[in-house]
Each structure stands twice: as C-alpha cells, then as structure tokens.
Amino acid sequence: MKTDLSNAKDSRLSCRRKRVIVDILKVILFIWVLACPVFASPSNPGEAALDFLEKIRSHKINLDPGADTAITGEITDHKRQEISHRYERMADDFGDSKLEVAQIRQDENFAGVLVKQVSFIDPEHLQIIPLALVKLNDTWRVAPVPASFENTGSRLDSSIKERLGSIENWLLRGQVTELEKLKSEAAEELKRRIRDSISEKDLVKISAEDTLNQFIDACEKKNITLMLAFLGGISKEAPEDWSLRLKAANRAVTKSAVSSPAWDHFTSPNTLKVTSSTKAKEREQNFTIETLTPSTSRLDPPQITRIHIRLSRTIDQFWRVDLPSDFFVNLAKPEIHGDNKFTREISETFGQSWARNHPPLPQIDGVTAFEHFNQVLNQRNLVDFARLADLVSEPQSASKACLDITELWSRFVEPKSIIRYSVPLSFMEKESSAMGLIQWVSMRDPEKFEPLPILFEKTPLGWFWKPNPSSASLEP
C-alpha cells in the first residue's frame, strides 16, 4: 500500500515538473518571437542606418529590391554596379572606426540620418555620412545613394517631392556643420588622451636623450598618444606642421600603405638601435641613431642606416622630437632636420654601445645555452636573440658579431611566406666550448636535411652562443 502511495506521489511530482518545464519553454518561445522582429527589422531610422553601414563594412550588403536597401526594381545593371563600387570604397574608408548616429530628421515615412565616423586619432577618417531612408512595410530601409532618395521610386510621386527635397537639403547642410563639430570634438579628445599619456612634470625632468629613447620605445609599442606627446602634441603651442606629424605617426602605427618606410626603423621590434649625440646647446640637441635592420632577402646583407634627429626645447621646457623629412614621405613636407644615410659600414662602437643598454644573458652550462638558443630563435625576437651572445668580453669584435647575428636571424625568418622551426639534433661539450647541431624545418620542404652547427663558449660570465663567419655562412 505504501509503495502504491509513493508511486502515485512520484507520478504527480513528475507531472508537475513536466508542466513547469512546458510553461518555461512557452515563455522562452514567446520572448524569442518578440525579439526576432527587433533583430531582423530595426525599429527606428537611426538603428536602420547603423545596421546598413555595418553590412557595408562587412561586405554583406544585398542590393536586390526588398533586401537591405530601398532600391527600386527598375534600376539598371550599370547603376547597380556603380552603387556596389561606391559601397566597396565606403567599406575601405570605415576600417574599424566607430559609427554613431549624430542627428535624425523624420517626416512620416521618410527620414534623414547623419552618422558620424569617429576616430579621435586619425583626422583622415573623420566623416559624416548622410543617409536618406524610406519606411516600407513597417521597415526602415536606406536609399542606395547617400543624401538622396534617388533610385527608390519615391521621387515619382510629385506630391511628396518638396518634402523629400527638404530632407535632402537638411542632410547636405548637416553634413558640413556636423563635420566641423566632429573635428572639434576629436581634437579635444586627442589633447586629453595625449595629456593622460604622460605628465608635464615628468616631461620637464627628463633629458633630451631620455626623451628620444622613450619616443622610440613608444614607437615600438605602437603607443600613438605617447608618440604624439613627444612630437609636440602636449605643448601649449603645437608645432606649425602638427597636422603632418599627426598624420605621419598615425599612418606608421596603422601600417598604412602610404606610410614612410623610415618609420620601420622605430616601430619594428626586430631592429638593433644605438643612439649617439653631439654637444648639447641650450635649446637644441642633435642625435644620430644607427640602426641594424635584418634583410628582407636572403641574398642581401643586413641594412645599416644612420638617422639624424634634432630635439628642440619648447616654451614649456619640454624636449620635442623633430623628425627628418624621410618620415613625412607622401605628405608634401619640406625637407628639414637632415636626412637618413644608408651605408654598408657598421661603426666600430655599435656592438659595445648596444650591449651597454641590452646586457647579455649567460647560461649556467652548455646544454642550457643550446636549449635556450633554439627557444629564443623560434620566438623570432631579434633583440632577445642578440643577447644570447657575449658582446661585452670582446668589444673589438662586438660590431661584427651584431652583423653575424642579424644575418643568421634574417635568414631564419625570411621570406615570411615560409614558416621555419629550429629543431635540436645533437650536442657535444668539451671543457669551455661546445657545439650543437640544429635543423631548420619548414612545412614547405619537410624532407630537406641541411644541419647547421652552432658554437658555444664558456666565459667568466657564463655560457654564450658564439656567432662567427663559419656558422653564419652555412646555408640551411
């Protein structure tokens, strides 16, 4: 009897649970049904405009009648292709900039929306996009031509021609006034971010050399606001060529196709750099930066460049970086402050000077040095790789060693289309010297076997890799 009662009770509980689950599923289904129209069909002109532009950005716009635009079915193929090309250019201009609704004007089933493309750091990507919209079957759709109801069929109705013209004129006027407002807002936001990147008290304290070194460090880290601070953006009086400095720095950080290649000496982490200066004047100091850059071709040697830069003291008592004309290619900047000098001769003091700011990394024994060599090489960081060699104990050969290091490293990473990995094969050690055998493995040619010997040496500081002509000249 007790068992029957227990089974009945369990049955009732099971039925209740099922009813609760069914009720929950009904609620979820109801919410989903309500939500679907919101996602599928923007509820106002502003949402519709942003949805339209995001589809352009992602190259997913559908120009069929009744799809993503208010385009008429009577449009010619030539006109449709013309509109499609315009959208492709717009997508390129958008990049990853933020899009926001600036203003909306609505007249029953017609509307105009001004959308702002926000980029506080890049004045070239500030714009106001004027869009005309038509409400069709309770759905807002954007006219295919900006600031116009052209190709929507709406203009065929003479009774609303004046209303449409009024919205179009509002869009064109608003595009001008909103753009001026956007430029002003972006400039203020940029100033605020530059001021937040470093304090004026810190700028007053640091020397010209430290200013230059911190600027180069900011370039490597792609810290655009700190770069702009050192280029004069934090001063009360901006340099006369401030707009050019802003454009050049932004292009360098974003790796724009029109960026000057001179910036690569500063923005690339895989460049060895040494700074020297002339005698400082009260408000001016000149520096020479010698850079050792890996070759982009296995047939060419590393590139040695000497860049001459002037630092000027501003009225705020800050040191400002004034770059040479090479950094402003494609910006019509007059030639000032000297230029870059390319040479095949590395200075005798390069290796010593570099090692002074980048202490070597000795290992406790030969095996550890060999293992660490492979690990660092596979990480593809030239600065860390160069620190595996002892550039301190033998200063007279340090510069030559830097060339050998850079040449071997560049042959490992170039061309970039071939991904290689360094694999240890064998190792032998004898007293204060050792040799490891490695193989560079590539998925393009995995069967290729050409071992490369790597030499190591024990010094009073510890075990180091010993770059030399015999190991550097072997072709993997």
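Please read these numbers as outputs of a predicted model, since none were measured by experiment.

(A) Focus on the overall build of the protein. Within the protein one finds 14 helices and 13 strands. Looking at the protein as a whole, 44% of its 476 residues are labelled buried. Taking the intrachain contacts of the protein between residues at least 6 apart in sequence as the baseline, contacts between residues at least 24 apart amount to 60%. Put simply, the protein shows about 25800 Å² of open surface, and 53% of that area lies on carbon and sulfur atoms.

(B) Here's a closer look at the nonpolar core. Within the largest apolar cluster, 41 residues are counted, with the highest numbers of intra-cluster contacts made by Phe215, Leu228, Trp263, Phe266 and Leu323. For this core, the secondary structure elements donating two or more residues are helix 4 (161–197), helix 6 (208–220), helix 7 (224–233), helix 8 (242–253), strand 6 (284–293), strand 7 (303–313) and strand 8 (319–322). In this structure, Leu272, Leu388, Phe412 and Phe456 belong to the second largest nonpolar core, which totals 37 residues.

(C) Looking closely at the sheet that holds strand 2 (residues 110–118). Within the open sheet, the 4 strands sit side by side as 1-2-3-4. Their pairing is antiparallel. Whereas interior strands pair on both sides, the edge strands pair on one side only; in this sheet they are strand 1 (98–107) and strand 4 (139–142). Adjacent strand axes in the sheet meet at a mean angle of 30° when their direction is disregarded. Helix 2 (residues 45–57) rests against strand 1, strand 2, strand 3 (127–136) and strand 4 of the sheet, and its axis sits at about 140° to strand 1. Contacting strand 1, strand 2 and strand 3, helix 4 runs over the sheet at an angle of about 20° to strand 2.

(D) Representation of a nonpolar patch on the surface in the model. On the surface, Ile419, Tyr421, Val423, Leu425 and Phe449 cluster together to form a nonpolar patch covering roughly 480 Å² of accessible area. Its location among the elements puts Phe449 in the loop between strand 11 (433–442) and strand 12 (452–459). On the basis of relative accessible area, Phe449 is assigned to the exposed category, the value being 56%.

(E) Up close: the packing of helix 7 against helix 8. The N-to-C vectors of helix 7 and helix 8 enclose an angle of 155°; their axes lie 10 Å apart at closest approach. Between helix 7 and helix 8, the angle falls in the class roughly antiparallel. Considering how the two elements wind past one another, helix 7 and helix 8 form a crossing that is right-handed. Between helix 7, through Ile224, Met227, Leu228, Leu231, Gly232 and Gly233, and helix 8, the contact on the second element is made entirely by Trp242, Arg245, Leu246, Ala249, Asn250 and Val253.

(F) View of the packing of aromatic side chains. Throughout the structure, instances matching the rule amount to 12 aromatic pairs. Here Phe110 and Phe149 contribute two aromatic rings whose centre-to-centre distance is 5.8 Å and whose plane-to-plane angle is 85°, an arrangement assigned as edge-to-face. Of this pair, Phe110 sits in strand 2 while Phe149 sits in the loop between strand 4 and helix 4; the two residues are 39 residues apart in sequence, bridging distant segments of the chain. Like Phe110, the residue Phe149 is buried in the burial classification. Here Trp263 and Phe327 contribute two aromatic rings whose centre-to-centre distance is 5.2 Å and whose plane-to-plane angle is 85°, an arrangement assigned as edge-to-face. A residue pair is termed long-range when its members are at least 10 positions apart, and Trp263 in the loop between helix 8 and helix 9 (264–267) and Phe327 in the loop between strand 8 and strand 9 (340–343) qualify at 64 residues.

(G) Representation of empty space enclosed by the protein within the structure. The full count for this structure, using the stated rule, is 2 cavities of 30 Å³ or more. Within this model, the largest cavity holds a volume of roughly 50 Å³. Taken together, Leu361, Gln363, Ala369, His372, Phe373, Leu388, Phe456, Trp463, Phe464 and Trp465 form the lining of the largest cavity. Of all the secondary-structure elements, those providing two or more residues to the lining of the largest cavity are helix 11 (366–379) and strand 13 (462–465). Of the residues in the lining of the largest cavity, the class split is 8 nonpolar, 2 polar and no charged. Space inside the second largest cavity adds up to approximately 30 Å³. Around the second largest cavity sit Leu203, Ala229, Phe230, Gly232, Ile234, Ser235, Thr314, Phe318, Trp319 and Arg320, which together line it. Of all the elements in the fold, those that place two or more residues in the lining of the second largest cavity are helix 7 and strand 8. Ranked by the residues each element gives to the lining of the second largest cavity, the list is headed by helix 7, at 3 residues. Among the residues forming the lining of the second largest cavity, the class breakdown is 6 nonpolar, 3 polar and 1 charged.

(H) The arrangement of the pairing of strand 6 in detail. The buried count for strand 6 comes to 7 of 10 residues, which makes it a mostly enclosed element. Bridge count between strand 5 (residues 272–277) and strand 6: 6 bridges; the pairing is antiparallel. Across the sheet, Ser277 pairs through a bridge with Phe287, a residue of strand 6. The turn joining strand 5 and strand 6, which pair antiparallel and follow one another in sequence, is formed by 6 residues. As defined by bridge partners, strand 6 adjoins strand 7 across 10 bridges and the pair is classed as antiparallel. Paired with Thr291 across the two strands is Thr305, which belongs to strand 7.

(I) Fine view of the confidence of the model for the protein. Residue-level pLDDT values for the protein average 82, and 83% of them are 70 or greater. In the model, residues 1–10 has pLDDT below 50 throughout and makes 0 contacts with residues more than four positions away in sequence or in other chains.

(J) Focus on helix 8. Across its 12 residues, helix 8 extends 17 Å between first and last C-alpha, which sits within 8% of the 16 Å expected from 1.5 Å per residue. By the criterion of burial, helix 8 is predominantly enclosed, with 10 of the 12 residues buried. Along helix 8, the residues classified as buried are Trp242, Leu244, Arg245, Leu246, Ala248, Ala249, Asn250, Arg251, Ala252 and Val253. Of the surrounding secondary structure, the elements contacted by the buried residues of helix 8 are helix 4, helix 7, helix 9 and strand 8. Following helix 8 by one or two positions, Lys255 has its phi on the positive side, about 55°.

(K) Fine view of the sheet that holds strand 12. Read across the open sheet, the 4 strands follow the order 10-11-12-13; overall the sheet is antiparallel. With one partner strand each, in any of the chains shown, strand 10 (420–430) and strand 13 form the two edges of the open sheet. Geometrically, the sheet is characterised by an average inter-axis angle of 25° between neighbouring strands, direction not taken into account. Where strand 11 lies against strand 12, 6 bridges are found, and the strand directions are antiparallel. Directly across from Met435, in strand 12, lies its bridge partner Leu455. Here helix 11 sits on the sheet in contact with strand 10, strand 11, strand 12 and strand 13, set at roughly 170° to strand 10. Each of strand 10, strand 11, strand 12 and strand 13 touches helix 13 (residues 398–413); the most contacted strand, strand 10, lies at about 135° to it.

Basis of the calculations
Residues numbered from 1 in each chain as written. Predicted model: local features only at pLDDT ≥ 70, side-chain atom pairs only at ≥ 80, totals over all residues. Heavy atoms only, no water. Helix = DSSP H or I, 4+ residues; strand = E, 2+ residues; numbered from the N terminus. Buried < 20%, exposed > 50% of the residue type's maximum accessible area, 1.4 Å probe, protein only. Contact = heavy atoms within 4.5 Å. Areas by Shrake-Rupley, 256 points an atom, 1.4 Å probe, with all protein chains shown as cover. Core = buried A, V, L, I, M, F, W, Y, C linked by side-chain atoms within 4.5 Å. Pairing = 2+ DSSP bridges. Axes fitted to C-alpha atoms, helices over the stretch in contact; angles between N-to-C directions. Patch = residues over 30% accessible without salt bridge, like charges linked within 9 Å, V, L, I, M, F, W, Y side chains within 5 Å. Salt bridge = Lys/Arg side-chain N within 4 Å of Asp/Glu carboxyl O. Parallel < 35°, antiparallel > 145°, perpendicular 65-115°, else oblique. Left-handed = near helix turned anticlockwise from the far one by under 90°. Phe/Tyr/Trp six-rings, centres within 6.5 Å; stacked < 30°, edge-to-face > 60°. 1 Å grid on protein atoms, 1.4 Å probe; cavity = no way out; pocket = protein on both sides within 12 Å on 5 of 7 lines; lining within 4 Å. Points joined across faces, edges and corners; volume = space filled by probe spheres on them. Nonpolar A, V, L, I, M, F, W, Y, C, P; charged D, E, K, R; others polar. pLDDT = per-residue confidence, 0-100. Expected span 1.5 Å × (residues − 1).

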